[in-house]
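# Coordinate analysis (summary)
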Amino acid sequence: MVKCDICGLKEAVVYQRHTGRRLCKECFFKDVLERVLNEVKRYEMFKDNDKIMLAVSGGKDSYVLMNIMTQIHDPSKLGAVTIVEGIKGYNRVEDLDQLRAYAKDHGIDIVVVSVKDLSGYTVDEMVENSIRKGLKISPCTFCGIYRRRGINLVARSLGYNKVATAHNLDDEVQTLVINMLRGDEARLIMLHPKRRRFSELFVPKIKPLRKIYEYETARYAYLKGYKPQIYECPYLNMMPSLRSKIRDILYRLEEERPGSLLKLLEEYDKLFEKEVEKREIKLNTCIICGEPTSPGRRVCKACELLIKTGLLRYEEKIL
Ligand code: SF4
Ligand code: ZN
Ligand code: ZN
């Protein structure tokens, strides 16, 4: 039996590649919790009185987020929201029931909203129309935009002043590299945990798991006995996105040089810290739906997608 490198007593069940340590279950849970707390404190992600809406999908990371947040914040000040995309074969009633039951057991109220409620169409319907029109828009673009919109709308309308998402370290570094490759300065600033609030209409987002590797959230969920959603989205490999390519490259890098992803994010945090404090990004308001949109845009991406796919008619020449 290999003993835990921290307590030296119990059997090690996790090999933490980036530190080279082998940890028992308890020391691993404690290590993850402490690292989340450090990150939360370092960036003052929330205060004791904050009402935090947890954005949960039913995947492993959302269970880990709920578990950790109920340990570090008053559960009566936590809520959860999940968005049903409307993707055949992916949105399963049993997964939703399990998510509801878990949230209820932890004293968290959960709100369920569908993309159809938000836009009038399911993600499947948007994708069908897009294909029919010969457009090359990834299904994840429709899905991601409406999911983000739904989470923000629900949090805002129910009076939550923070939204916590379950993004892990791998997700964050992928986004960082994508924004760098695109030279998207505004998004590079917006990714930083110290960024300013850029619109009264956006409930500020926090990402407590941003320094926890994906293999760690997977291990955490497994050791806790969670049964997250296992069905893959049918669109996952339909159109290989830049993100999936970056994911593969970063995966190989981390295999060869464990700790690389953490180092990348740490360096970005330090390098951009001063810059984001100085920078104020003013978002525009969409002339159609009134929701905030990126600087320089008159119509938000959500409305633009519906117009392009023929699902929303708008007379003025705006695109
Ligand atoms: Fe949505 Fe893409 Fe994820 Fe499917 S793979 S749930 S379309 S973001
Ligand atoms: Zn131990
Ligand atoms: Zn709009």
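## Topic: the overall build of the protein
A tally of helices and strands in the protein yields 12 helices and nine strands. In terms of overall dimensions, the protein is globule-like: its C-alpha atoms have a radius of gyration of 20 Å, near the 20 Å expected for 319 residues. A principal-axis box enclosing the C-alpha atoms of the protein has dimensions of 70 × 45 × 40 Å. Going through the 319 residues of the protein one by one, you find that 34% of them count as buried.

## Comments concerning the site of ligand 1
Surrounding ligand 1, one finds Glu-85, Pro-139, Cys-140, Cys-143, Gly-144, Cys-233, Tyr-235 and Leu-236. Here the shell around ligand 1 is built from residues that sort into six nonpolar, one polar and one charged.

## Some remarks on the packing of helix H7 (residues 169-182) against helix H10 (residues 242-256)
Closest axis-to-axis distance for the H7/H10 pair is 10 Å, and the angle between their directions is 115°. Between H7 and H10 the crossing geometry is right-handed. Between H7 and H10, the residues in contact are Asp-170, Val-173, Gln-174, Val-177 and Ile-178 and Leu-242, Arg-243, Ile-246, Arg-247 and Leu-250, respectively. Split by residue class, the contact of H7 with H10 holds six nonpolar, one polar and three charged.

## Side note on the environment of Cys-4
Mapped onto the elements, Cys-4 comes out in the segment before strand E1 (14-16). Taking the C-alpha atoms as reference points, Cys-4 and Glu-26, 22 residues apart in sequence, are found 9.7 Å from one another. Residue contacts for Cys-4: discarding those within four places in its chain leaves Leu-9, Lys-10, Ala-12, Arg-22, Leu-23, Cys-24 and Cys-27.

## With respect to the packing of H7 against helix H11 (residues 260-278)
With their axes 10 Å apart at the nearest point, H7 and H11 run at an angle of 60° to one another. Taken together, H7 and H11 sit at an angle that is classed as oblique. In this structure, H7 crosses over H11, and the sense of that crossing is left-handed. Two secondary-structure elements touch here, H7 through Leu-169, Asp-170, Glu-172, Val-173 and Leu-176 and H11 through Leu-261, Leu-262, Leu-264, Leu-265 and Tyr-268. Of the residues in the contact of H7 with H11, the class split is eight nonpolar, no polar and two charged.

## Focus on the sheet that holds strand E7 (residues 205-206)
Ordered by their spatial adjacency, five strands build an open sheet running E5-E4-E3-E6-E7, and the pairing between neighbours is parallel. Strands at the two margins of the open sheet, each flanked by one partner only, are strand E5 (109-114) and E7. For strand E4 (residues 78-84) and E5, the ladder comprises six bridges, and the chain directions are parallel. The residue bridging Val-81 from the neighbouring strand is Val-111, located in E5.

## Description of helix H3 (residues 93-105)
Taking 1.5 Å as the rise per residue, H3 with 13 residues should run 18 Å; its terminal C-alpha atoms sit 18 Å apart, in good agreement. Every buried residue of H3 is accounted for by Leu-99, Tyr-102 and Ala-103. Taken around the axis of H3, the buried residues stretch over an arc of 95°, which confines them to a single face. Every exposed residue of H3 that faces more than 90 degrees away from the buried side is listed here: Val-93, Glu-94, Asp-97, Ala-101, Lys-104 and Asp-105. Among the residues trailing H3, Gly-107 stands out with phi positive, at a value near 75°.

Analysis parameters
Residues numbered from 1 in each chain as written. Chains lettered and ligands numbered in written order. Predicted model: local features only at pLDDT ≥ 70, side-chain atom pairs only at ≥ 80, totals over all residues. Helix = DSSP H or I, 4+ residues; strand = E, 2+ residues; numbered from the N terminus. Rg over C-alpha atoms; globule rule 2.2 N^0.38 Å. Buried ≥ 20, exposed ≤ 12 C-beta atoms within 10 Å, placed from the backbone. Near = placed C-beta within 6 Å. Nonpolar A, V, L, I, M, F, W, Y, C, P; charged D, E, K, R; others polar. Axes fitted to C-alpha atoms, helices over the stretch in contact; angles between N-to-C directions. Left-handed = near helix turned anticlockwise from the far one by under 90°. Contact = placed C-beta atoms within 7 Å. Parallel < 35°, antiparallel > 145°, perpendicular 65-115°, else oblique. Pairing = 2+ DSSP bridges. Expected span 1.5 Å × (residues − 1). Arc of directions from axis to C-beta.

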